[in-house]
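Here is what each chain is made of, one letter per residue.
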Amino acid sequence: AVWSPLSPAGAQTTQLLVEPPWRPAVLWDQVTLTCQGSGTASATTWYKDGQRWGQQGRDHVNVTESGTYMCDRPSTGISPPVIILNDQLVLQAPARALLEGDMVTLRCRA
């Protein structure tokens, strides 16, 4: 996964990394989310489907339910959302920044 510590404005941002690094993420891949931002892991707040989620104070969590996940670090803010699906058939692309003209491997999984 790619993490860029600087936003265009030069401020540090919070990122949510997905392992294994494929998007969309699927529940049956046994997904781990890692919150990256400044500050300590104990300051991390997790959100699932817009609600505070009971995994506070940890920088990584194992996902057992589909939904939309975000994490928050006080000094760098809320991460972009990551959607975890429970679909039986999924077309996946690498969870990294892609530019026009890049060669990319897609996975069709069932």
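For the structure given in this document, a descriptive report is provided here. Since the structure is predicted, the reported quantities are computational estimates derived from the model, not experimental observations. (Residues numbered from 1 in each chain as written. Predicted model: local features only at pLDDT ≥ 70, side-chain atom pairs only at ≥ 80, totals over all residues. Heavy atoms only, no water.)

1. A closer look at the sheet that holds strand E12 (residues 107–109)
Put simply, the test is: Only when DSSP finds a minimum of two bridges between them are two strands counted as paired. Runs of H or I in DSSP of at least four residues are treated as helices and runs of E of at least two as strands, each being numbered from the N terminus.
Strand order in this open sheet of three strands is E2-E11-E12, and the pairing throughout is antiparallel. Two strands in the sheet have a free side with no partner beyond their single neighbour: strand E2 (22–23) and E12. Relative to E12, strand E11 (residues 90–94) runs antiparallel, the two being bridged by three bridges. Within E12, the position partnered with Val90 by the bridge is Arg109.

2. Considering the nonpolar core
Stated precisely, the cut-off is as follows: Nonpolar core, defined: a set of buried Ala, Val, Leu, Ile, Met, Phe, Trp, Tyr and Cys residues in which side-chain atoms within 4.5 Å join the residues together. In this scheme, a residue with accessible area under 20% of its type's maximum is buried, one over 50% is exposed, and one in between is partly exposed, where area comes from a 1.4 Å probe on protein chains only. Here, two residues are considered to be in contact whenever any of their heavy atoms come within 4.5 Å of each other.
In this structure, Leu16, Val31, Leu33, Trp46, Val63, Tyr69 and Ile84 are the most contacted members of the largest nonpolar core, which totals 15 residues. Sorting the residues of this core by element identifies strand E1 (15–19), strand E4 (32–36), strand E8 (67–73) and strand E10 (82–85) as the ones contributing at least two each. Each residue touching Leu33, except ones within four places of it in the same chain, is listed here: Leu16, Leu17, Val18, Trp46, Asp59, His60, Val61, Val63, Tyr69, Val82 and Ile84.

3. Topic: the environment of Tyr47
On the secondary structure map, Tyr47 appears in strand E5 (residues 45–48). Judged by its relative accessible area of 17%, Tyr47 falls in the buried class. For the pair Tyr47 and Tyr69, spaced 22 residues apart in the sequence, the C-alpha separation amounts to 5.6 Å. Residues in contact with Tyr47, not counting those within four places in the same chain, are Arg52, Trp53, Thr68, Tyr69, Met70 and Asp72.

4. Here we look at the pattern of salt bridges
As a reminder of what qualifies: Whenever Lys or Arg places a side-chain nitrogen within 4 Å of a carboxyl oxygen from Asp or Glu, that contact is recorded as a salt bridge.
If you walk through the whole model with that rule in mind, you get four salt bridges. Lys48 is paired through a salt bridge with Glu65; the nearest N and O atoms lie 3.4 Å apart. Here the residue Lys48 occupies a position in strand E5, and Glu65 occupies one in the loop between strand E7 (60–62) and E8, the gap between them amounting to 17 residues. A relative accessible area of 14% means that Lys48 is categorised as buried. Classification of Glu65 as partly exposed rests on a relative accessible area of 44%. Salt bridges linked by common partners bring Asp29, Arg107 and Arg109 together as one network.

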